[in-house]
Amino acid sequence: AAYLGNGLREEASLKDSQQFRDNNGHKSFGGRVGILLSRTLEFGLSYCRGSYDDADERTHESRGLDLSWDADAFLILYEYVDVGLENPSPYSPGREKGHFGLLALRIGELSPFVSYQTLDYEDSYHGPGFGVLSRPGEGQSSHLSRWAIGLSYLASSGLRFKIEYDLNREEGM
């Protein structure tokens, strides 16, 4: 798969940088290559790069990998992402790294599952106060993790019910 699009915009944090309009003249590009290692096992690599600031001077770059084992009795997923943001001198680049893992069992129409997610984000240029009077932010450092446990029920081919409990841990927020 390949794509070309507007990409991110510059905001105080990456979670606020999604957009539907274009803020510069540069398009982000990216894609994913998936390799079927067997009928049930797939490995994938993904990449995205593009400008994210209004002046079209700094870029973001995302790299990811994923692995899925989708058998009749279970599903195991793992994903990793590494995002880098160029920042103006003398600020160090921003960095975001995350992991996601999922184990789901299939017992008829029921699927109990457990997942674990982590996200580490360090950025000395953005953060609270960014953009006010065209100034840099205070910087930010956050370390997030989440355990989720739950159960889903496939009622029909187009209807699934799910109950989930999340245990969130946030440092630096």
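Here the structure is a predicted model, which is why all the values come from computation and not from measurement. (Residues numbered from 1 in each chain as written. Predicted model: local features only at pLDDT ≥ 70, side-chain atom pairs only at ≥ 80, totals over all residues. Heavy atoms only, no water.)

Student: Residue-level account of the nonpolar core, with values.
Tutor: Counting residues in hydrophobic clusters, the biggest one holds 6 residues: Leu8, Leu14, Tyr52, Val83, Leu85 and Tyr121. When near neighbours in sequence (up to four residues on either side) are disregarded, Leu14 contacts Leu8, Val83, Leu85, Glu96 and Tyr121. (Core = buried A, V, L, I, M, F, W, Y, C linked by side-chain atoms within 4.5 Å. Buried < 20%, exposed > 50% of the residue type's maximum accessible area, 1.4 Å probe, protein only. Contact = heavy atoms within 4.5 Å.)

Student: Which residues make up a nonpolar patch on the surface, and what values go with them?
Tutor: Taken together, the side chains of Trp69, Ile76, Leu103, Leu105, Ile107, Leu110, Leu151, Tyr153, Leu159, Phe161 and Ile163 present a nonpolar region at the surface, about 990 Å² in accessible area. At the level of secondary structure, the elements contributing two or more residues to the nonpolar patch comprise strand S6 (94-105), strand S8 (140-156) and strand S9 (159-171). Top element by residues in the nonpolar patch is S9. It accounts for 3 residues. Position of Leu159 relative to the elements: it lies in strand S9. Of the residues examined, Leu159 reaches a relative accessible area of 40% and is grouped as partly exposed. (Patch = residues over 30% accessible without salt bridge, like charges linked within 9 Å, V, L, I, M, F, W, Y side chains within 5 Å. Areas by Shrake-Rupley, 256 points an atom, 1.4 Å probe, with all protein chains shown as cover. Salt bridge = Lys/Arg side-chain N within 4 Å of Asp/Glu carboxyl O. Helix = DSSP H or I, 4+ residues; strand = E, 2+ residues; numbered from the N terminus.)

Student: Summarise the pattern of salt bridges; cite the residues concerned and give the values.
Tutor: Under the definition given, this model contains 10 salt bridges. With a closest N to O distance of 3.5 Å, Arg63 and Asp82 form a salt bridge. Here Asp82 lies in strand S5 (residues 74-85) and Arg63 lies in strand S4 (residues 59-70), a separation of 19 residues in the sequence. Given a relative accessible area of 7%, Asp82 falls into the buried group. What you see here is one network of salt bridges that share partners, running through Arg49, Glu61, Arg63, Asp82 and Arg95.

Student: How would you explain the packing of aromatic side chains if you had to name every residue and give the values?
Tutor: Counted according to the given criterion, the structure contains 5 aromatic pairs. Here the aromatic rings of Tyr116 and Trp147 are separated by 4.6 Å at their centres, their planes lie at 45°, and the arrangement is tilted. On the criterion of sequence distance, the pair formed by Tyr116 in strand S7 (residues 110-123) and Trp147 in strand S8 is long-range, its members being 31 residues apart. Residue Tyr116 is classed as partly exposed on the basis of its relative accessible area, which comes to 32%. Each member of the aromatic cluster is reached from another via a ring pair, and the members are Tyr91, Tyr125 and Phe130. (Phe/Tyr/Trp six-rings, centres within 6.5 Å; stacked < 30°, edge-to-face > 60°.)

Student: Go over the pairing of S7 with me, naming the residues and quoting the values.
Tutor: Moving residue by residue along a regular strand, the side chains alternate between the two faces of the sheet. With 10 bridges connecting them, S6 and S7 associate as antiparallel partners. Paired with Ala104 across the strands is Phe113, a residue of S7. Two successive antiparallel strands, S6 and S7, enclose a turn made up of 4 residues, where Gly108 displays a positive phi of approximately 65°. In this sheet, S8 lies alongside S7 in antiparallel orientation, the contact comprising 14 bridges. Bridging from a neighbouring strand, Ser111 pairs with Ser152 of S8. (Pairing = 2+ DSSP bridges.)

Student: Explain unusual backbone geometry to me, and be specific about the residues and the numbers.
Tutor: Following Ser89, the chain continues to Pro90 via a peptide bond in cis, the omega torsion being 10°. With respect to the element layout, Pro90 can be found in the loop between S5 and S6. Of note, the phi angle at Asp56 is positive, near 65°, even though the residue is not glycine. Considering the arrangement of structural elements, one finds Asp56 in the loop between strand S3 (41-51) and S4.

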